[in-house]
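Reading the structure
Spelled out, the chains give:
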Amino acid sequence: MDNSELVEKLKEFYDELKTENLDDLDELYHDEISFTDPIQHVVGLEDFRKYLKHTMENVDYCHFAFDDECVGKEQAFLAWQMRYAHPKLASGMEIILPGVSYLTFENGKIREQRDYYDLGAMLYEHVPLVGYVIDKIKQRLTDE
């Protein structure tokens, strides 16, 4: 499978991310995957699977829409929007979070994935008291 096909399979996998689908990670990721995002850094397929399972606990749904990509021989960049709902964030309403993933390939699988996104926009801003404080700080920074 070439890298473009692998990226298409990755996009299909994340189109509807569910804990029931985590066994499919073996088709996409190298056994020694290095995954990094603003929350965690994990190495190894089983630790990555556990991390995703834990992250998805209590999430009502999680979908990724991919906006743009650049796939090369050794690496790829993907721009995306994650759409998700969690009952304890934003009163259970859908949250839309833009981000970018950087991938490297080895032996027909993803060897490294680094996800870049705004953690505050993902979590903190949607927790009632914390979100209020963050809004006030932003207002003070932009007021003249």
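A short tour of the structure in this document, coming up. (Residues numbered from 1 in each chain as written. Predicted model: local features only at pLDDT ≥ 70, side-chain atom pairs only at ≥ 80, totals over all residues. Heavy atoms only, no water.)

Examining the packing of aromatic side chains
Following the criterion strictly, the structure yields nine aromatic pairs and no others. When the ring of Phe 64 is compared with that of Phe 66, the centres are 6.3 Å apart and the planes differ by 25°; the resulting orientation is stacked. Owing to a relative accessible area of 22%, Phe 66 belongs among the partly exposed residues under this scheme. Here the aromatic rings of Phe 64 and Trp 80 are separated by 5.1 Å at their centres, their planes lie at 70°, and the arrangement is edge-to-face. With Phe 64 in strand 3 (residues 61-71) and Trp 80 in strand 4 (residues 75-85), this residue pair connects regions lying 16 residues apart in the sequence. Judged by its relative accessible area of 11%, Phe 64 is buried. Taking the relative accessible area as the measure of exposure, Trp 80 reaches 3% and is therefore buried. Taken together, the ring pairs in this structure connect Phe 13, Tyr 14, Phe 64, Phe 66, Trp 80 and Tyr 117 into an aromatic cluster. (Phe/Tyr/Trp six-rings, centres within 6.5 Å; stacked < 30°, edge-to-face > 60°. Buried < 20%, exposed > 50% of the residue type's maximum accessible area, 1.4 Å probe, protein only. Helix = DSSP H or I, 4+ residues; strand = E, 2+ residues; numbered from the N terminus.)

With respect to helix 1 (residues 3-15)
Taking 1.5 Å of rise per residue, the 13 residues of helix 1 would be expected to cover 18 Å, and the 18 Å separating its terminal C-alpha atoms lies within 8% of that figure. By the burial criterion, the buried members of helix 1 are Asn 3, Leu 6, Val 7, Leu 10, Lys 11, Phe 13 and Tyr 14. Within helix 1, the buried residues cover an arc of 160° as seen down the axis, which keeps them to one side. Measuring from the side-chain oxygen of the N-cap residue of helix 1 to the backbone nitrogen of Ser 4 gives 3.2 Å; that N-cap residue is Asp 2. (Expected span 1.5 Å × (residues − 1). Arc of directions from axis to C-beta. Polar contact = N/O pair within 3.5 Å; in protein donor to acceptor, adjacent residues only side chain to side chain.)

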